[in-house]
Amino acid sequence: MTHPFLDLPPLSAARFASIEDRVARLLGTRQDVVIMQGEALLPLEGAIRGTAGPGTTALNVITGPYGQTFGDWLRDCGAKVIDLAVPFHTAVTADQVRAALAEHPEIDFVSLVHAEAATGNTNPVAEIGEAVRAHGALFYLDAVASVGAEPVLPDAWGVDLCVIGAQKAMGGPAGVSAVSVSERAWARMAANPGAPRRSYLSLLDWKQRWVDGGRKALLHAPAQLEMLALEACVERIETAGLDAVMARHRSAALATRAGAVALGGGLEPYVHEERDAAPVATTLRTTSGVVASELVARALAADPTLPLAAGGGALAGEMIRVNHYGAEATVEAVRASLAALGAALAEQGLDVDPEAARRAVDNAWRQGPIRRPDPGPTA
């Protein structure tokens, strides 16, 4: 029996390195890019454990559940952690970060999530990067959800550890991920006696055995199918053009917000200000008496393929997520999602206007995203 997914020739070190180079070009970075053989939690945790320890004082920005996870990892490493938490319906500001750095001059590590797909907000990394760079701290960024949906520029923003995954806006596989690492971050790891070594979590292993060796011999057999899928999704973005892919995600976000307001039934954007809303996913708040998880269940019963989910944990009662990323960043997906939510709301006796929602979606999509200032080099 033959199958296109089976009996493939081994992935060579040269092919592996070429895929890393394409990811580096996508990020516009000259830093070392390491593709790790696992979902993005692997480099997210590995980067923290590699650079943080008992002598670290970390500013951990919390705008959603992943920020909370990073704080747990930092404490587990023995770091002193100062949490800067903001309400999940908004974004952190550069001024808030500057104030925290001024109040705690000993901070030498800053962790931040770019876009929190779980809560639908996005943070102004370019401005925050200026503050972190001026302070001299190491800057760690989770760009797993944002890459492909909005600019991610580690070099221009002064990011020392930038972790990405392909499974959201890039429209690729979940089984591999990547991290760009600055020379400062490598030096911090090398000086950290607690950094994982001879471990699946170890970035130092990749540095010493792969990067420093000229990328000639892989540490272990790569995840063949996932690597080929990553290569294919990067090629698809290159062909379409990164600007076009990002514009499609921003249009989906604007159309979802506009359509939800026009639909009625008590739905409203969970993230109050459009400037704080992530283009990768839109979160909506339900009205009192409507349980979000039950509403989503009704909508998915009619069409299980819709990119809908309820909020996690305590947010399941009030939050709906429209995950318009990757292949779902289309006007058709937005229309269908809001139509299904409207039908589910109508079943509960709420007044909705599906036609008004459809018009609002189409109008917002036709207008397209507003051209924003280029969040490019700030150095």
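The rules behind each value
Residues numbered from 1 in each chain as written. Predicted model: local features only at pLDDT ≥ 70, side-chain atom pairs only at ≥ 80, totals over all residues. Heavy atoms only, no water. Pairing = 2+ DSSP bridges. Helix = DSSP H or I, 4+ residues; strand = E, 2+ residues; numbered from the N terminus. Contact = heavy atoms within 4.5 Å. Axes fitted to C-alpha atoms, helices over the stretch in contact; angles between N-to-C directions. Buried < 20%, exposed > 50% of the residue type's maximum accessible area, 1.4 Å probe, protein only. Arc of directions from axis to C-beta. Polar contact = N/O pair within 3.5 Å; in protein donor to acceptor, adjacent residues only side chain to side chain.

A.B. asks: Help me understand the sheet that holds strand β12 (residues 308–310) in this model?
C.D. replies: The strands making up a sheet are joined through hydrogen bonds of the backbone, oriented either antiparallel or parallel. Read from one edge to the other, the open sheet built from 4 strands follows the order β10-β11-β13-β12, with strand pairing classed as antiparallel. Each having just a single partner strand, β10 (268–269) and β12 make up the two edges of the open sheet. Examined bridge by bridge, β10 and strand β11 (residues 282–285) share 2 bridges and lie antiparallel to one another. Bridge pairing in β11 links E268 to R285. Lying on the sheet, helix α10 (residues 242–263) is in contact with β10, β11 and β13 (319–322); it crosses β11 at an angle near 15 degrees.

A.B. asks: Would you take a moment to explain helix α4 (residues 94–103) for this structure?
C.D. replies: An α-helical segment advances 3.6 residues per turn. Residues three or four places apart therefore align on the same side. Every buried residue of α4 is listed here: A94, V97, A100 and L101. One side of α4 carries all its buried residues, which in axial view fall inside an arc of 125 degrees. In α4, the exposed positions angled more than 90 degrees off the buried face are occupied by D95, A102 and E103. Looking at the buried residues of α4, the elements they touch are β2 (57–62), β3 (80–85), β4 (109–113) and α5 (125–135).

A.B. asks: Could you clarify how one ought to interpret the sheet that holds β3 in this entry?
C.D. replies: Reading across the sheet, the 7 strands line up as β1-β9-β8-β7-β4-β2-β3 and stay open at both edges, with mixed pairing between neighbours. The open sheet terminates on both sides in strands that have one partner only, identified here as β1 (32–36) and β3. Each neighbouring strand pair of the sheet contributes to a mean axis angle of 15 degrees, computed without reference to strand direction. In this sheet, strand β9 (residues 177–181) lies alongside β1 in antiparallel orientation, the contact comprising 5 bridges. Within the sheet, the bridge partner assigned to D32 lies in β9 and is V181. Lying over the sheet, α4 contacts β2, β3 and β4, oriented at roughly 155 degrees with respect to β2.

A.B. asks: Honestly, the environment of T286 in this entry has me stumped. Any pointers?
C.D. replies: Of note, T286 is situated in the loop between β11 and α11 (292–302). For the pair T286 and S12, spaced 274 residues apart in the sequence, the C-alpha separation amounts to 51 Å. Residues contacting T286, with those up to four places away along its chain left out, are G266, L267, A292, L295, G317, E318 and I320. A distance of 3.0 Å separates the side chain of T286 from the backbone oxygen of V290, its partner in a polar contact.

The values reported here are purely geometric and, on their own, carry no functional implication.
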